[in-house]
Amino acid sequence: MSTVLVVNSGSSSFKYQLIDMDTEQMLATGLVERIGESAGHAVHTIPEDDVPSADRTDAPQTSERDLPIPDHTAGFRVMLDAFEANGPSLTRHPLRAIGHRVVHGGKRFFEPTPITNLVKINIEELAELAPLHNPANLQGIEAAQKAFPDVPHVAVFDTAFHQTLAPAAYSYAIDAALAEKHRVRKYGFHGTSHKFVSEEAAAFLGRPLADLNQIVLHLGNGASATAVSGGRSVETSMGLTPLEGLVMGTRSGDIDPAVLIHLHRRTGMSFDDIDTLLNRKSGLLGMAGANDMRDVLSRSAAGDEKATVAFDVYVHRLKGYVGNYLAQLGRVDVITFTAGVGENSAPVRAAALSGLEAFGIRLDPERNEEKSREARRISTDDSDVAVLVIPTNEELEIARQTMSVV
Ligand code: ADP
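Residues numbered from 1 in each chain as written. Predicted model: local features only at pLDDT ≥ 70, side-chain atom pairs only at ≥ 80, totals over all residues. Heavy atoms only, no water.

(A) Layout of the site of the ligand. Taken together, the residues surrounding the ligand are Gly220, Asn221, Gly222, Asp292, Met293, Arg294, Ala339, Gly340, Val341, Asn344 and Ser345. Asn221 is positioned such that a nitrogen or oxygen atom in its backbone is 2.9 Å from an oxygen atom of the ligand. At 2.9 Å from an oxygen atom of the ligand is found a main-chain nitrogen or oxygen belonging to Gly340. Relative to its unbound accessible surface of 580 Å², the ligand loses 67% to contact with the protein. The pocket occupied by the ligand, as judged from atoms lying within 2 Å of grid points, is the second largest pocket. Sorting the residues of the shell around the ligand by element identifies helix H10 (293–301) and helix H12 (339–344) as the ones contributing at least two each. It is H12 that provides the largest number of residues to the shell around the ligand, a total of four residues. Class assignment of the residues belonging to the shell around the ligand gives a composition of three nonpolar, six polar and two charged. (Near = heavy atom within 4 Å. Polar contact = N/O pair within 3.5 Å; in protein donor to acceptor, adjacent residues only side chain to side chain. Areas by Shrake-Rupley, 256 points an atom, 1.4 Å probe, with all protein chains shown as cover. 1 Å grid on protein atoms, 1.4 Å probe; cavity = no way out; pocket = protein on both sides within 12 Å on 5 of 7 lines; lining within 4 Å. Sits in = over half its atoms within 2 Å of the grid points. Helix = DSSP H or I, 4+ residues; strand = E, 2+ residues; numbered from the N terminus. Nonpolar A, V, L, I, M, F, W, Y, C, P; charged D, E, K, R; others polar.)

(B) Structural context of the layout of surface pockets. Considering only enclosed or pocket space, the second largest pocket measures out at about 390 Å³ in volume. Considered class by class, the residues forming the lining of the second largest pocket number nine nonpolar, seven polar and four charged. (Points joined across faces, edges and corners; volume = space filled by probe spheres on them.)

(C) A look at the pairing of strand E3 (residues 25–33). Both strand E2 (residues 14–20) and E3 contribute to a ladder of seven bridges, which runs antiparallel. Looking across to E3, one finds that Tyr16 is bridged to Gly30. Turn length for the E2-E3 hairpin, with the two strands adjacent in sequence and antiparallel, is four residues, and the turn residue Glu24 shows positive phi of about 60°. Of the pairings in the sheet, the one linking E3 to strand E4 (residues 40–46) comprises five bridges and is antiparallel in character. Pairing of Val32 across the sheet is with Ala42, part of E4. (Pairing = 2+ DSSP bridges.)

Such coordinate-based values are descriptive only and should not be taken to indicate function.
Listed below in structure tokens is the structure:
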């Protein structure tokens, strides 16, 4: 069995997933959190199929521990203990490689990259563009390298898939020299998900990826839209940072940049305050007081006017991006919804694509309402554009890309 461990590290936590690359099945998943706080917490879960038959219950097997976890290195020891205690044994199934999610690869990284000291220096240097994420990703890499010194480590970048954008799509219309000097341009994010889902969509339709023009709508807590032509990202809604574009759980998405200046001048808010406002207190949370689309919908159903407006702004923006990408691509074969909201929220999907029959987009209301964890078509059989729901799997995509270079 050839296994890959996928690590997604934040500043005070990391998530991991062990994947069997022969079957592409997940063998274990876990979270180590509250690193550096007095009370750390670790959860390790193995899917029911991998639990020895005598121990089987209806639920996956989960073990939890509360203990101090001073740093990421200690966190990896906790993870190793969990594998030893609950399986699968990493001694019996040695890792083929470890794939690390890295948020920002700038212009330099456009493919999965084996991690060397130079690569780490570059990731560190790109922290200028992703101050919250890249240093945290690097902490995870360093700790994982200590825990597994003899296993190849590979970085898979969230921005990489969008490195195919043309200058017309990635350039902001500001002073060119200033933009160049400070690397101000659109990079795009969620690339691993957009790549995975666009490939799955082609497989679902049984058509060559190279022939398809696609729109992928990744609607999770963070949300982004991507236009994909022949398997290449040609336009995407996130920008220099993951703040641009769609309305999100707590992020504003697109906004007149003069709003920032106005707020600064009128209220004396600092740029750090405005950063917090736009990234953490805006979007659905800012407008409706809840960042979870389920809460927004239930409040709206109960007559909460603010929640109704928040929903309307969310889908209005989404529809605008669909229209933009229809125009940019000229012809669209398939539109795919993915991530928490995209996979589960029939009302969002219905509202975002309503009234687009003239563009050949016809949803089947019954198919749209069906609940499933499988990839499925929700458009009518006579819809010119296929509309699909496809569960994303960023961990599997990171593992696949990791295997492609080891
Ligand atoms: P992340 O961006 O954190 O990876 P996910 O892709 O898991 O997020 O999406 C999480 C979001 O999905 C939740 O905040 C919630 O708004 C939304 N969501 C999950 N289930 C549903 C549902 N049944 N209906 C509407 N929204 C849902």
